[in-house]
Amino acid sequence: MGIEWEGVKVEIGELMVEGDSESEVEGPTHRELLPWDRTLTSVYDLVVVPGDSEEERREVARTIVTLCCEGTAGFISTARLVVDLLRQTGGTLDPGFDAETPLPLYETLLGSSPECVDDLEAGLSYAERELASSVSELLRSHSLKGYESVAMHAGAIGLLAMEIADAALSTLMEVPESEEVFEIGTDDLPRRPTVLLVGHLPLLGHIITEELGTLARQVELVGLTHTAWPNREDHVRVVGPLSMYQEYISSGFADVVVVDGACPGEDVIEAAREGGSKLVATVGARVADLPDVTDYPVEEAVEVLVTEEDAVYVEEPIKAVEIAAWAALRVEGSRDRGEPPRRTFRVGPPTRLTDVVIRNVGVPVVAGNIPGIVVLVSCPEKSADVEEPAKIAEVLLERGYLVLVPGCLAVALGSYLDEEGKTLYERYPDTLLNTGPCTSAAHLVGACVRVGVIFGKLPIRREFVRVADYVLNRVGACVVAWGDEYPEHLVSAAYGVTRWGIPVVLGPDPEAGSLLTEKDPKVIDARSGEEVEDPTPMHLRCVVSDWKEAAVTAARLCMRPNDTPEGRQNKIESYVELYRELYGELPPDLDPLIRDESDIPVTLRSEMRELLEETGWTPRSRASDPTLLPEG
């Protein structure tokens with residue numbers, strides 16, 4: 001029995017992974033990390049899947065595992081694309097930011113820090129082996145907890161592939177720097193032959209323009225991708241977020257569309273036909289049965305595209321763009337050209353999470369001056385899809401939370417304006433951070449690990465369980481994943497984040513209330529060995545019904561057993577203020593958050609004491625060294 005995803009071939013019975021790595025690295029297998037997964041599922045109710053019967057719930061869980069595996073395959077495919085290009089260019093690996101531990105996920109799982117392209121390829125080979133193992137486990141699993149563990153393992157491997165992809169991208173990209181909010185859009189596009197690049201290729205725009213030479217100056221190269229930068233002539237000009245590709249392609253303003261990577265769906269072909277544009281698919285694109293002209297001479301491939309086919313496939317990315325550019329020169333003027341969506345986005349400057357940045361925010365987070373770090377991810381397909389995640393960000397920013405946004409949402413937020421016409425980036429320049437491409441989401445997890453390295457002197461090499469336990473009990477961060485439909489790469493990332501000990505809020509889902517069953521999480525005080533009640537965080541993964549519930553849940557999930565009394569006071573005060581703003585009353589779940597009277601905010605003391613007396617609250621001990629690991 002065989003299963004294929006982008007860049008990965010799996011033969012069940014005998015595991016085969018196609019790859020070209022010259023070396024191998026050893027990392028933990030699913031079986032070796034299974035005890036940690038069982039610890040998490042024993043403490044938290046992670047299996048929140050719908051269904052009227054156990055069989056229906058198992059089927060939903062199986063679907064989730066499949067999505068996680070598909071998403072991880074897409075991450076690996078992306079990483080292969082950029083790592084191969086890095087090898088071709090002969091570049092020296094440079095992740096793009098100053099950090100003693102630049103790739104902490106790689107280092108935690110594989111026990112070393114990558115120094116060259118061979119190391120990245122070895123890491124990808126490990127990811128491919130473990131993905132193959134996850135597919136095999138999927139076919140053997142029958143229990144909900146078994147499916148949960150496989151999904152988390154596939155997701156964690158996907159985050160590793162993202163980290164590798166981002167390291168290679170950071171080495172290859174030469175992004176114009178900006179310290180201020182900048183504007184992108186389609187308002188001043190010239191009327192000339194136009195090639196629209198959809199996917200990851202715009203990130204390598206300087207390489208493309210250099211390779212095409214004078215040809216690049218004869219056409220307008222524009223891109224939809226998951227980050228943005230100020231326009232410059234020697235780069236591909238980014239005009240919008242990748243997640244909105246359907247609307248841009250179907251408008252027909254581009255003569256030829258080039259699509260790569262797993263993000264755009266197979267609907268790109270129909271969208272291009274609707275807009276009257278030709279299409280060239282290249283490595284990783286999710287399109288099937290297109291004529292493959294990879295081995296054709298450029299002139300012959302152009303002729304096929306212009307006179308015989310609406311869409312073709314070209315394996316080599318640079319060659320694909322070259323064919324598209326020549327074809328655009330041929331077809332421009334012979335078709336009814338549409339108008340692009342007239343949108344502008346004022347985007348905050350991309351911020352790399354250097355050790356300096358982590359040191360600057362780490363102490364305030366631990367002290368509670370910053371009540372928490374919330375990572376907000378979404379793939380808005382239309383302008384209307386931006387409003388709810390923007391509202392989540394806005395109410396959290398108003399209460400002092402640090403909000404990190406990667407990928408398409410970071411670009412799309414640049415269209416959300418207040419009554420004065422200001423973006424959130426302009427209103428909160430110090431606490432709303434655009435972290436760059438969607439691959440940077442792995443660094444958001446990595447930043448939590450590096451908090452432990454910097455402030456706790458945490459040893460991380462081959463110490464996955466210890467690291468995840470540290471993050472879960474000490475680092476006040478959570479992820480909010482928002483959207484009516486989740487692409488498979490977002491599902492994979494959400495389950496991977498859980499495995500690393502970071503809570504995830506999913507939504508919106510009107511059935512959320514019927515899905516969630518609460519346990520009563522407890523931790524162990526490693527110094528005394530005693531079990532201590534402290535349900536922070538209450539959940540590691542939960543589903544919410546609307547954006548208001550997402551915001552207050554995120555605030556609550558930023559609390560940790562390791563909070564100091566001052567830190568817990570600040571977090572509770574922020575939580576109460578946010579809940580009151582959105583619901584007009586005190587939150588109903590304050591008593592389990594108060595360990596003793598030193599946790600009660602001064603400004604709320606009389607009001608909360610009255611509430612606590614009504615609930616029969618009594619003080620309890622706090623864990624001085626919290627852990628979920630019995631051995632401490």
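Below, the structure is looked at part by part. Keep in mind that this is a model prediction, so the values were computed, not measured.

We now examine the packing of aromatic side chains. Under the defined criterion, the tally for this structure stands at 3 aromatic pairs. Here Tyr575 and Tyr579 contribute two aromatic rings whose centre-to-centre distance is 6.2 Å and whose plane-to-plane angle is 70°, an arrangement assigned as edge-to-face. Pair noted here: Tyr575 and Tyr579 are both in helix α20 (residues 565–583), with a separation of 4 residues, about one helical turn. Accessibility classification places Tyr575 together with Tyr579 in one group, the buried group.

The pairing of strands in a sheet happens through backbone hydrogen bonds and is either parallel or antiparallel. The strand order across the open sheet formed by 6 strands is β6-β5-β4-β7-β8-β9, and the pairing between neighbours is parallel. What marks the edges here is a single partner per strand, and that holds for β6 (237–241) and β9 (311–313). Averaged over neighbouring strand pairs, the angle between their axes works out to 20° when direction is ignored. As paired elements, strand β5 (residues 220–225) and β6 share 4 bridges and run parallel to each other. Following the sheet pairing, Val222 is matched in β6 by Arg237.

Before going further, it helps to examine the packing of helix α11 (residues 355–367) against helix α15 (residues 441–456). At a closest axis distance of 10 Å, the pairing of α11 and α15 adopts a crossing angle of 80°. Compared by their axis directions, α11 and α15 come out roughly perpendicular. Two secondary-structure elements touch here, α11 through Asp355, Ile358, Arg359, Gly362 and Val363 and α15 through Ala447, Arg450, Val451, Ile454 and Phe455. Grouping the constituent residues of the contact of α11 with α15 by class yields 6 nonpolar, 1 polar and 3 charged.

A word on the environment of Glu316. With respect to the helices, strands and loops of the structure, Glu316 is situated in the loop between β9 and α10 (317–331). Residue classification places Glu316 among the partly exposed residues on the basis of a relative accessible area of 43%. Put simply, Glu316 and Leu409 are 93 residues apart on the chain and 29 Å apart in space, counted from C-alpha to C-alpha. Beyond its immediate chain neighbours, meaning those up to four positions away, Glu316 contacts Thr282 and Thr294.

Parameters at a glance
Residues numbered from 1 in each chain as written. Predicted model: local features only at pLDDT ≥ 70, side-chain atom pairs only at ≥ 80, totals over all residues. Heavy atoms only, no water. Phe/Tyr/Trp six-rings, centres within 6.5 Å; stacked < 30°, edge-to-face > 60°. Helix = DSSP H or I, 4+ residues; strand = E, 2+ residues; numbered from the N terminus. Buried < 20%, exposed > 50% of the residue type's maximum accessible area, 1.4 Å probe, protein only. Pairing = 2+ DSSP bridges. Axes fitted to C-alpha atoms, helices over the stretch in contact; angles between N-to-C directions. Parallel < 35°, antiparallel > 145°, perpendicular 65-115°, else oblique. Contact = heavy atoms within 4.5 Å. Nonpolar A, V, L, I, M, F, W, Y, C, P; charged D, E, K, R; others polar.

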